[in-house]
Number of protein chains: 2
Amino acid sequence: MRVGDEENMQISEVAQKFGLTQDTLRYYEREGLIGPIAKGDNGIRNYTENDLQRIQFVKCMRAAGLEISFLKRYIQLFDEGDETIKERREILVEQRKILKKKLDDMQEAYDRLNMKIDLYDKNILDKSLM
Amino acid sequence: MRVGDEENMQISEVAQKFGLTQDTLRYYEREGLIGPIAKGDNGIRNYTENDLQRIQFVKCMRAAGLEISFLKRYIQLFDEGDETIKERREILVEQRKILKKKLDDMQEAYDRLNMKIDLYDKNILDKSLM
DNA sequence: ATATCACTTAGAGTTGACTTTAAGTCAATA
DNA sequence: TATTGACTTAAAGTCAACTCTAAGTGATAT
């Protein structure tokens, strides 16, 4: 184990923990979604607890389909401090709206799939209808 | 108006009706998701009621993020007739599972956005947390 | 008749989000 | 000491799903 940084993780461990690839983690950093991650004398990334929290946030939002560009903007504002609070709130509300629409669309498709499967189970299929 | 086909629609009308572009409709057809759409003597597509139902199905599923390749496969099986019923049901169940996972991920992100916005409204922001 | 408009095709280009490649450093083990 | 493994970089490549371009046809309006 590396001495003097028992609490920090390196990229392979972080990738493992979140089910992301190392490439993706470096890509997110390049794009300004996380970090910049501090590096040791050897040039190797050392992820802090705070870094991990941001990655968790990004992962959750990406899993929901929020765009890299939005996350980039939000995190940028976040790091700029308190004077951006109003704008941050606004873009969160905007994203929530987009997400809500997608959730509704997906729920509709989900219900439709359920009904469809139900019809398959009951052997009552309309040959003209998908 | 075109004579003898009052009940059918041409591509611009269909595009309008579903909020898709003409390019997308032709692309879906090329990929085997809909049609092949019958064409008049002039070579222009004439969408039937049945075509519209399939487009509606495809649109719903695509809005939920189901892949073109799955839709292509499903529709292919559908057109092959009754001996594919078992397989069709199986792939529907598989897609439902994928969709459920996405719905859950999105619900999680949605809840998180809601909580976040709530904190912004109450002015209780933790400076270290996204 | 000439221009405009809606359509047609094949094929090339775009976008977002990774993912891979090539070439290299460094530390630990056989 | 040599090789293995984990890391580093910049840049090119990939993939899905469109989206656009170029070149053309055929019907209708001026």
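The structure we're discussing is the one just above.
For the structure given in this document, a descriptive report is provided here.

Conventions used here
- Residues numbered from 1 in each chain as written.
- Chains lettered and ligands numbered in written order.
- Predicted model: local features only at pLDDT ≥ 70, side-chain atom pairs only at ≥ 80, totals over all residues.
- Heavy atoms only, no water.
- Helix = DSSP H or I, 4+ residues; strand = E, 2+ residues; numbered from the N terminus.
- Rg over C-alpha atoms; globule rule 2.2 N^0.38 Å.
- Contact = heavy atoms within 4.5 Å.
- Areas by Shrake-Rupley, 256 points an atom, 1.4 Å probe, with all protein chains shown as cover.
- Lys, Arg positive; Asp, Glu negative; His and termini not counted.
- Charge placed at Lys NZ, Arg CZ, Asp CG, Glu CD.
- Near = heavy atom within 4 Å.
- Polar contact = N/O pair within 3.5 Å; in protein donor to acceptor, adjacent residues only side chain to side chain.
- Nonpolar A, V, L, I, M, F, W, Y, C, P; charged D, E, K, R; others polar.
- Axes fitted to C-alpha atoms, helices over the stretch in contact; angles between N-to-C directions.
- Parallel < 35°, antiparallel > 145°, perpendicular 65-115°, else oblique.
- Least-squares fit on C-alpha atoms with pLDDT ≥ 70 in both.

Moving on to the overall build of chain A. Looking only at helices and strands, chain A features five helices and zero strands. When the helices and strands of chain A are read in sequence order from the N terminus, they spell out α-α-α-α-α. Taking 130 residues into account, the globule formula puts the C-alpha radius of gyration at 14 Å, and chain A, at 21 Å, lies well above it. For chain A, the spread of C-alpha atoms along the principal axes amounts to about 70 × 40 × 20 Å. Considering only intrachain contacts with a sequence separation of at least 6, the fraction spanning at least 24 residues in chain A is 43%. A total of about 7600 Å² of accessible surface is found on chain A, and carbon and sulfur atoms cover 49% of it. Each charge class in chain A was averaged separately, 23 positive and 25 negative side chains, and the resulting centres sit 5 Å apart.

A few words now on the protein's contact with DNA strand D. Near DNA strand D lie 17 residues; those nearest to it are Gln10, Ser12, Arg26, Lys39 and Arg45 of chain A. The sugar-phosphate backbone supplies 76% of the atoms of DNA strand D found within 4 Å of the protein. A distance of 3.0 Å is found between a phosphate oxygen of DNA strand D and a side-chain nitrogen or oxygen belonging to Gln22 of chain A. Side-chain polar atom of Arg45 of chain A to a phosphate oxygen of DNA strand D: 2.8 Å apart, as the coordinates give it. With five residues, the single largest contributor to the surface near DNA strand D is helix 2 (residues 22-30) of chain B. Its residues assigned to classes, the surface near DNA strand D comprises five nonpolar, five polar and seven charged.

Near DNA strand C lie 17 residues; those nearest to it are Asp23 of chain A together with Gln10, Ser12, Arg26 and Lys39 of chain B. For DNA strand C, the backbone portion of the atoms within 4 Å of the protein, that is sugar and phosphate, comes to 78%. Separating a phosphate oxygen of DNA strand C from a side-chain N or O atom of Arg62 of chain A is a distance of 2.8 Å. At 3.4 Å from a phosphate oxygen of DNA strand C is found a main-chain nitrogen or oxygen belonging to Ile68 of chain A. When residues of the surface near DNA strand C are traced back to their parent elements, those giving at least two are helix 2 (22-30) of chain A together with helix 1 (11-18) and helix 2 of chain B. By residue number, the principal contributor to the surface near DNA strand C is helix 2 of chain A, which donates five residues.

Here the focus is the packing of helix 1 (residues 11-18) of chain A against helix 2 of chain A. All names here are of chain A. Where helix 1 meets helix 2, the axes come as close as 8 Å, and the angle between the chain directions of the two elements is 100 degrees. Of the possible angle classes, the one that applies to helix 1 and helix 2 is roughly perpendicular. Residues Ile11, Ser12, Val14 and Ala15 of helix 1 form the contact with helix 2, whose own contacting residues are Gln22, Leu25 and Arg26. Its residues placed into classes, the contact of helix 1 with helix 2 shows four nonpolar, two polar and one charged.

Attention shifts here to the relation of the copies chain A and chain B. Of the two same-sequence chains, chain A is brought onto chain B (RMSD 0.1 Å, axial shift 0.0 Å) by a rotation of 180 degrees. What the superposition gives is, in effect, a two-fold axis relating one chain to the other. Within chain A, Leu103 of chain A has its C-alpha nearest the rotation axis, a separation of 3.3 Å. When you check the interface residues of chain A against chain B, 100% turn up at the interface there too, and the contact is symmetric in its surfaces.

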